[in-house]
Amino acid sequence: MTEPIACGLLCPQTAEPLDLNASGQSLDCPGCGRSYPIIDGIPRFVGQQHLASFSRQWNRYDVAHDAEDRATFEAKTGVALTELEGLRVLDAGCGGGRYSKVAAAAGARVIGADHSTAVEKARALCAGLPHVQFVQADLKLLPLEHESFDFVFSIGVMHHDAATRAVFDAVARMVKSGGRYAVWLYRRNQWWQERLNTALRRRTTNMPVERLERWCRRAALLGGVPVVNKTLNKLVNFSAHPSFENRVCDTFDWYAPQFQHHHTLEELTAWFSEAGFADLRILPPEKSGRLYRWAYAHNLLIGSGVNIMGVKRG
Ligand SMILES: C[S@@+](CC[C@H](N)C(=O)[O-])C[C@H]1O[C@@H](n2cnc3c(N)ncnc32)[C@H](O)[C@@H]1O
């Protein structure tokens, strides 16, 4: 059974429960009088701003692959699919919904939140799954009750906000005491990689989007060339995913967003501790192999992550 649309949603300004308008077209706050539209079945709490490239990206490319997404979910959250049955789960920054789909299919009651219209793709992807609902909202101002989730995960999201830490802290407040929180962020690379990347992104983030997409398609061709796709992309990031469409999408995902902050394990560990989480587990990368792990440990892999799961103290 699908969740009722207003189920559990609160006004992000007053934290009062929202009422479904008689027309069924909006959610209204009895406290402050604000009205939040429901468009295509999705409550909208924000307009689009600096995250607009994600609206384009996720609605344009089909990049979900069930088996791969299940494996990535388990690797990047540290939670097995068999543990999800009946849990209330938040996918913070759901994008096109591939990991919301994984969690909902495993029996969780999922809310996916994203600032962009990617929620439309997410809703379509999860059509037919019970207990999954999407909201278009800023993670720093979620229309949700604090401490109401058993498990919150966020994969590749928070570093795209002006202030990663502010998003981390706001989302951390959604976790129940005893609940789990898993976060994956871009890893800070060697200074020369960072410098080159910043210079490149200064150009790409100011390009007309059609030009950038043409550029990403060319990079995606390179990403299909053996050897090149395991060497050159340590200098300049482009995707080496087996699917061409994923490679275009991943490369656009890297070069289009306005903000892309890179973080260290020490930083993320401190954020978890200061937000009241214990039993921290540093999650290793999905890929193995001696050379890969060596390059990872030396912060040489562009686009790799820092990844921690923790449990909220009671
Ligand atoms: C790289 S995508 C990752 C999507 C998804 N987690 C996945 O891995 O498929 C990052 C997503 O985070 C969203 N995002 C970034 N900052 C956000 C914020 N402050 N509030 C809500 N969504 C945000 C973007 O709109 C985008 O869809």
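A short tour of the structure in this document, coming up.

**Digging into the sheet that holds strand β8 (residues 149-155)**
Piece 1. Taken together, seven strands build an open sheet; the order of strands is β7-β6-β5-β8-β9-β11-β10 and the sheet is mixed. The open sheet has two edge strands, β7 (132-136) and β10 (277-282), and neither has a second partner. On average, adjacent strands in this sheet sit at an angle of 15° to one another, irrespective of strand direction.
Piece 2. Where strand β5 (residues 88-92) and β8 come together, three bridges link them in parallel fashion. Across the sheet, the residue bridging to Leu-90 is Val-152, located in β8.
Piece 3. The strands touched by helix α2 (residues 66-77) within the sheet are β8, β9 (175-186) and β11 (305-312), with β8 carrying the most contacts at an inclination of about 105°.
Piece 4. In this fold helix α5 (residues 164-172) packs onto β5, β8, β9, β10 and β11, with an angle of close to 155° to the strand it touches most, β9.

**Considerations on the pairing of β8**
Piece 1. Among the seven residues that make up β8, six are buried, leaving the element largely enclosed by the rest of the structure.
Piece 2. Sheet analysis places β8 next to β9, joined by six bridges and oriented parallel. Residue pairing for β9: Phe-151 is matched across the bridge by Arg-180.
Piece 3. Viewed along the sheet, the connection from β8 through α5 into β9 turns out right-handed.

Conventions we followed
Residues numbered from 1 in each chain as written. Predicted model: local features only at pLDDT ≥ 70, side-chain atom pairs only at ≥ 80, totals over all residues. Heavy atoms only, no water. Pairing = 2+ DSSP bridges. Helix = DSSP H or I, 4+ residues; strand = E, 2+ residues; numbered from the N terminus. Axes fitted to C-alpha atoms, helices over the stretch in contact; angles between N-to-C directions. Contact = heavy atoms within 4.5 Å. Buried < 20%, exposed > 50% of the residue type's maximum accessible area, 1.4 Å probe, protein only. Right-handed = clockwise from strand over helix to strand, strands pointing away.

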